[in-house]
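# Structural overview for review
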Amino acid sequence: MPVTSEATATWNGSLMEGSGNVAFSSSNLGTFPINWKARSEGSDTTTTPEELIAAAHSSCFSMALSGALAENGTPPDRVNTTASVTFKPGTGITGSHLNVNATVPGLTQEKFQEIAEGAKTGCPVSQALSGIEITLEATLA
């Protein structure tokens, strides 16, 4: 049975001067502020659509990798993934870089790299982002 997830964004004003917030249907954490300045210049206090995509990509990839490692007979003790999504004003989202570090007993770096590449391709968020370059850096702890 399909599962639908939701987030709601509210925006007030023009693109350059306006601002808004985004909220997730599954969370009681409240809303997260959004604005163009944070998106185009970066911010440590205001989220961006790209940060939300990075959260989706890192969590989806971690799940896909964990599943693939288990199928290989080498379930991980830990998988830690950071996704870095790049946005260029006037161009759009240009790429996502996955940097994963995992603890997987009994697995060589070479086999880990092979499984990680497969997880990158098979991850549903990677598939949804197929219009951009997705790169991977995978290391064992």
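This section reports on the structure supplied with the text. Here the structure is a predicted model, which means the values were calculated and not measured.

## Quick look at the overall build of the protein
On a plain count of helices and strands, the protein comes out with 4 helices and 6 strands. Mapped from its N terminus to its C terminus, the protein presents α and β elements in the order β-β-β-α-α-β-β-α-α-β. C-alpha atoms of the protein, sized along the principal axes, occupy 55 × 35 × 25 Å. Taken across its 141 residues, the protein has 31% of its residues classed as buried. Long-range pairs, those at least 24 residues apart, make up 51% of the contacts in the protein between residues at least 6 apart in sequence. Side chains of the protein give 6 positive and 13 negative charges; the mean places of these two sets differ by 4 Å.

## Focus: the pattern of salt bridges
This model, assessed by the stated rule, comprises 4 salt bridges. The partner of Lys37 in a salt bridge is Glu41, and the shortest N-O contact between them spans 3.5 Å. Here Lys37 pairs with Glu41, and both are found in helix α1 (residues 36-41), just 4 residues apart, close to one helical turn. The partner of Lys120 in a salt bridge is Glu117, and the shortest N-O contact between them spans 3.4 Å. One end of the pair is Lys120 and the other is Glu117, both in helix α3 (residues 109-122) and 3 residues apart, which spans about a single turn. Exposure remark for Lys120: the relative accessible area of 16% places this residue in the buried category.

## Examining the sheet that holds strand β3 (residues 32-35)
Ordered by their spatial adjacency, 3 strands build an open sheet running β1-β2-β3, and the pairing between neighbours is antiparallel. Single-partner strands in this sheet number two, and they are β1 (7-12) and β3. The average angle at which neighbouring strand axes cross in this sheet is 25°, direction not considered. Here strand β2 (residues 19-24) pairs with β3 via 4 bridges, running antiparallel. What sits directly across from Asn21, in β3, is Pro33.

## Looking at a nonpolar patch on the surface
Together, Trp11, Leu15 and Met16 give the surface a local cluster of nonpolar side chains, amounting to about 320 Å² of exposed area. Of note, Trp11 is situated in strand β1.

## Looking at α3
Since one α-helical turn is 3.6 residues long, residues separated by three or four positions face the same way. Between its first and last C-alpha, α3 extends 20 Å over 14 residues, near the 20 Å set by a 1.5 Å rise per residue. Within α3 the residues assigned to the buried category are Phe112, Ile115, Ala116, Ala119 and Lys120. Mapping the buried residues of α3 onto a view down its axis gives an arc of 145°, with all of them on the same face. Facing away from the buried side of α3, by more than 90 degrees, are the exposed residues Glu110, Glu114 and Thr121. Of the surrounding elements, those touching the buried residues of α3 are α2 (49-71), β5 (92-103), α4 (124-128) and β6 (133-140).

## Remarks on the packing of aromatic side chains
Per the stated rule, a full pass over the model turns up 2 aromatic pairs. For the ring pair Phe24 and Phe32, a centre distance of 5.5 Å and an interplane angle of 55° mean the geometry is tilted. Its relative accessible area of 28% is what places Phe32 among the partly exposed residues. Ring plane angle 85° and centroid distance 5.9 Å describe the contact between Trp36 and Phe87, whose orientation is recorded as edge-to-face. A residue pair is termed long-range when its members are at least 10 positions apart, and Trp36 in helix α1 and Phe87 in strand β4 (residues 78-88) qualify at 51 residues. Of the two residues, Trp36 and Phe87, neither departs from the other in class, the shared state being buried.

Reading the values: rules and limits
- Residues numbered from 1 in each chain as written.
- Predicted model: local features only at pLDDT ≥ 70, side-chain atom pairs only at ≥ 80, totals over all residues.
- Heavy atoms only, no water.
- Helix = DSSP H or I, 4+ residues; strand = E, 2+ residues; numbered from the N terminus.
- Buried < 20%, exposed > 50% of the residue type's maximum accessible area, 1.4 Å probe, protein only.
- Contact = heavy atoms within 4.5 Å.
- Lys, Arg positive; Asp, Glu negative; His and termini not counted.
- Charge placed at Lys NZ, Arg CZ, Asp CG, Glu CD.
- Salt bridge = Lys/Arg side-chain N within 4 Å of Asp/Glu carboxyl O.
- Pairing = 2+ DSSP bridges.
- Axes fitted to C-alpha atoms, helices over the stretch in contact; angles between N-to-C directions.
- Patch = residues over 30% accessible without salt bridge, like charges linked within 9 Å, V, L, I, M, F, W, Y side chains within 5 Å.
- Areas by Shrake-Rupley, 256 points an atom, 1.4 Å probe, with all protein chains shown as cover.
- Expected span 1.5 Å × (residues − 1).
- Arc of directions from axis to C-beta.
- Phe/Tyr/Trp six-rings, centres within 6.5 Å; stacked < 30°, edge-to-face > 60°.

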